[in-house]
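Listed here are the chains, written in short residue letters.
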Amino acid sequence: MMATATTDVSVRFEAISKSFGPVHVLKDVSASVPRGMTICIIGPSGSGKSTLLRCTNLLERPEHGKIFIDGDDITAPGVNIDKLRVRVGMVFQHFHLFSHLSVIENVALALQKVRKLPKAEAEARAAVQIAAIGLKGFEHRRSSDLSGGQQQRVAIARALAMEPDVMLFDEATSALDPELVKGVLAIMRDLAFAGMTMLVVTHEMRFAREVAGQVIFMDHGQIVETGAPAQMFDAPQTPRLKYFLEQVL
Amino acid sequence: MFEGLQKIGETFFDPQIIAGVIPQLITVGLPNTLLLSVIATIIGIALGLVIATGLLASQRLVRFLCRGYVDLLRGLPHILTVYLIGQGLPLAGLSIFGKSTYAYAAFSIGLIESAYMAEIFRAGFQGVERGQVEAARTLGMTRWQAMLTIILPQGIRRVLPPLTGQFILVIKGTALVFLLGLTASQRDIFSIAQDNSINNANLSSLTAAGLLYLALTVPMTYAVAAWGARMQRGSQRGKVTA
Ligand SMILES: Nc1ncnc2c1ncn2[C@@H]1O[C@H](COP(=O)(O)OP(=O)(O)OP(=O)(O)O)[C@@H](O)[C@H]1O
Ligand SMILES: [Mg+2]
């Protein structure tokens, strides 16, 4: 078992399999995410992209295979899931802000409960994150009073406030009105260029081409093709990726 | 014809008997009924919260046991449970409350209520968006922290109107404690009226008790309905727009 803490691989999937009842959703998926790289995962609906992301912080538990984060096997028995999750931030398609809390409370909550910071310090840090995503002045709004784009940016700030090593984005812009997509993508792009390790499930092919260090194409629970974005988009090798790109571009 | 009416009047509405029983109903019965209701409700809420958490637990055995508890207490006639618990505990040597009939009475009603309250809490908690709980977990919060900081505060808002509605049922339910034989000063509205009606061989005191129950429950019913409607409108205004 690998346990070297210093490795340039941030996340590694080793032959992951996952079923929901009779549905075999992930079949023997292996991949690694180098530290500081953004990997975009593309593929048709139902291909298992979300499930792969959700396995990465054990929202779903794979039946077979191993997942390493910074060399630590997180699928090993007895691993403290809550400690692990602090290292992996996640942003959802539908934001999932805490609807009874204000913007700043959303961002500060886990800093208080998990990081055990006193309220004042947690809110000070939260305010910095909120300013960084361009929502200074919105701290005390109710989260449900914001636009979708603003809500998603708060969700990103909430995840970043925990200072994770890896960020997971599951179709972070799919639920947004077209004019709100740009602002969220800009934040994700800045984050990628600042050196965050990211796994991004997306339908935004232009974003993938511009930001991804590597693109993974999934279909029917398998990684069908993977490579640099230019190669994937301009010279797809497999008929399935060719077909998929014809459908979406 | 007139004689018939007079007989009805004497049976149910004898002014002398009503006037005679009202002071006792109000000074002894009313406080006892309210106290019993409040204690039973507190027991019901506390136990109901625990059971509701169990109904939503990830362990199948815990869910199964809590489901059994709820089905049992909701499935039995309340009068039977009050007898079995209120009389049965001390008889069986489980004198957890010593000789205080009043405590056994409150406990048996509270136990029944906890089953109904558990269902109310479960429905309220389940209505909280699952994704918000997942979001909390991805931030490293434990199941328990997510319960306390996300599910509970959001669930409570949904649960308050039906819980208040349940309180009205508790008020009526406390009438059953007459079965346990309370001392004179411990008697609730119904017990006082019932004793009085036996002594006078006349039902008018029960009519008075009925009017007193109605004075409590009817305004509360309307208040709860108005409250629920207002919460409904409020939650629609607050809907997430993507
Ligand atoms: N909790 C679950 N229970 C049962 N089946 C599930 C569950 N989650 C996902 N699935 C099934 O697993 C398959 C893969 O789902 P997944 O959400 O990973 O796909 P996806 O690639 O993210 O698709 P989309 O682009 O539509 O989001 C689908 O057939 C889905 O119905
Ligand atoms: Mg998905």
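Along each chain, numbering runs from 1 in the same order as the chain's sequence is written. Note on labels: chains are lettered from A, ligands numbered from 1, in written order. The model is predicted, so local features are restricted to residues of pLDDT at least 70 and side-chain atom pairs to those at 80 or more, both for listing and for counting; the totals for chains, interfaces and linings are taken over all residues. The side-chain values count all of the structure's non-hydrogen atoms but skip hydrogen atoms and water molecules.

Asks: Help me understand the side chain of A:Gln214, please; the structure alone is not making it clear to me.
Replies: Residues and elements named next belong to chain A. Under the scheme used here, helices are H or I runs from DSSP no shorter than 4 residues and strands are E runs no shorter than 2 residues, and both carry numbers assigned from the N terminus. For Gln 214, the location among the structural elements is in strand β9 (residues 214–219). As used in this structure description, the phrase polar contact means that two N or O atoms lie within 3.5 Å; if the pair is within protein, one of them must be able to donate a hydrogen and the other to accept it, and residues adjacent in sequence are counted only when both atoms belong to side chains. Polar contacts involving the side chain of Gln 214 include one to the side chain of Thr 226, which spans 2.7 Å. Contact partners of Gln 214, with chain neighbours within four places excluded, come to Ser 32, Met 37, Thr 38, Ile 39, Cys 40, Thr 226, Gly 227 and Pro 229. Any two residues having at least one pair of non-hydrogen atoms within 4.5 Å are treated as being in contact.

Asks: Any chance you could explain the pattern of salt bridges here in plain terms?
Replies: Pairing of side chains with opposite charge becomes possible as their charged atoms draw close. Basic side-chain nitrogens of Lys or Arg form a salt bridge, by our definition, when they fall within 4 Å of a carboxyl oxygen of Asp or Glu. Taken as a whole and assessed by the stated rule, the structure comprises 20 salt bridges over all chains. A:Arg240 serves as the salt-bridge partner of A:Asp219, at 3.4 Å between the closest nitrogen and oxygen. A residue pair is termed long-range when its members are at least 10 positions apart, and A:Asp219 in strand β9 and A:Arg240 in helix α9 (residues 239–248) qualify at 21 residues. With a relative accessible area of 10%, A:Asp219 lands in the buried category. In this structure, B:Glu119 and B:Arg122 form a salt bridge, with 3.0 Å as the shortest nitrogen-oxygen distance. Of this pair, B:Glu119 and B:Arg122 both sit in helix α5 (residues 101–126), 3 residues apart, which is roughly one turn of that helix. Think of it in three bands: with a 1.4 Å probe and only protein chains considered, a residue is buried below 20% of the maximum accessible area for its type, exposed above 50%, and partly exposed in between.

Asks: So what exactly am I meant to see when it comes to the layout of surface pockets here?
Replies: Where empty space is left in the structure can be found by rolling a water-sized probe over the atoms. All names here are of chain B. Method remark: on a 1 Å grid restricted to protein atoms, a set of points is classed as a cavity if a 1.4 Å probe fits but cannot get out and as a pocket if it is open with protein on both sides within 12 Å along at least five of seven lines; lining residues have an atom within 4 Å of a point. Grid points are joined across faces, edges and corners, and a volume is the space filled by probe spheres set on the points. In this model, the second largest pocket occupies a volume close to 690 Å³. A total of 5 residues in the lining of the second largest pocket trace back to one element, the largest contributor, which is helix α7 (residues 143–173). Here the lining of the second largest pocket is built from residues that sort into 11 nonpolar, 4 polar and 5 charged. The classification used treats Ala, Val, Leu, Ile, Met, Phe, Trp, Tyr, Cys and Pro as nonpolar, Asp, Glu, Lys and Arg as charged, and all other residues, Gly among them, as polar.

Asks: Could you clarify how one ought to interpret the sheet that holds strand β10 (residues 222–227) of chain A in this entry?
Replies: Within a beta sheet, neighbouring strands are joined by backbone hydrogen bonds and run either parallel or antiparallel to one another. Residues and elements named next belong to chain A. Ordered in space as β6-β7-β8-β3-β9-β10, the 6 strands form an open sheet in which the pairing is mixed. For this open sheet the edge positions go to β6 (88–91) and β10, each flanked by a neighbour on one side alone. Strand-to-strand twist in this sheet, taken as the mean axis angle between neighbours without regard to direction, amounts to 20°. For two strands to pair, DSSP has to find at least two bridges joining them. Relative to strand β8 (residues 197–201), strand β7 (residues 166–170) runs parallel, the two sharing 5 bridges. Paired with Val 166 across the bridge in β8 is Thr 197. Running over the sheet, helix α6 (residues 178–193) touches β3 (38–42), β7 and β8 and is turned about 145° from β8. Throughout, an axis means a line fitted to C-alpha atoms (over the contacting stretch in the case of helices), and angles, computed between N-to-C directions, take values from 0 to 180 degrees. Packed on one face of the sheet, α9 meets β3, β9 and β10 and runs near 95° to β9.

Asks: Honestly, the pairing of β8(A) in this entry has me stumped. Any pointers?
Replies: The side chains of a regular strand alternate, first on one face of the sheet and then on the other. All names here are of chain A. Across the 5 residues that make up β8, a large majority, 5, are buried. Of the two faces of β8, the one lined by Thr 197, Leu 199 and Val 201 and the one lined by Met 198 and Val 200 are each fully buried. Here is how to tell: hold the view so the strands point away, follow the path from the first strand over the helix to the second, and if it runs clockwise the crossover is right-handed. One crossover worth recording links β7 to the parallel β8 by way of α6, and it is right-handed.

Asks: It is not clear to me how the nonpolar core should be interpreted in this structure. Could you clarify?
Replies: Soluble globular proteins: nonpolar side chains tend toward being buried together. What makes a nonpolar core is a set of buried Ala, Val, Leu, Ile, Met, Phe, Trp, Tyr and Cys residues whose side-chain atoms join them at distances within 4.5 Å. The biggest cluster of nonpolar side chains holds 115 residues, and the ones touching the most others in it are A:Phe98, A:Met167, A:Phe169 and A:Met188. Looking at this core, the element that brings in the most residues is α5(B), giving 9 residues. Sequence-distant contacts of A:Met188, that is, excluding residues within four places in its chain, are made with A:Ile156, A:Phe169, A:Ala172, A:Met198, A:Val200 and A:Phe207. If you look at the next biggest cluster of nonpolar residues, it comprises 15 residues, including B:Leu30, B:Ile192, B:Ala209 and B:Tyr213.

Asks: Quick question: what am I supposed to make of α5(B) here?
Replies: An α-helix turns once every 3.6 residues. As a result, residues three or four positions apart point the same way. All names here are of chain B. Here the expected length of a helix is defined as 1.5 Å per residue gap, with one fewer gap than residues. For α5, built from 26 residues, the straight-helix expectation of 38 Å at 1.5 Å per residue is met to within 8% by its first-to-last C-alpha distance of 37 Å. Helix geometry: α5 is bent most strongly at Ser 114, by close to 25°. Of all 26 residues in α5, 21 are buried, a share of seventy percent or more. Note that bend, as reported per residue, equals the angle between axes fitted to the 7 residues terminating at that residue and the 7 residues originating from it.

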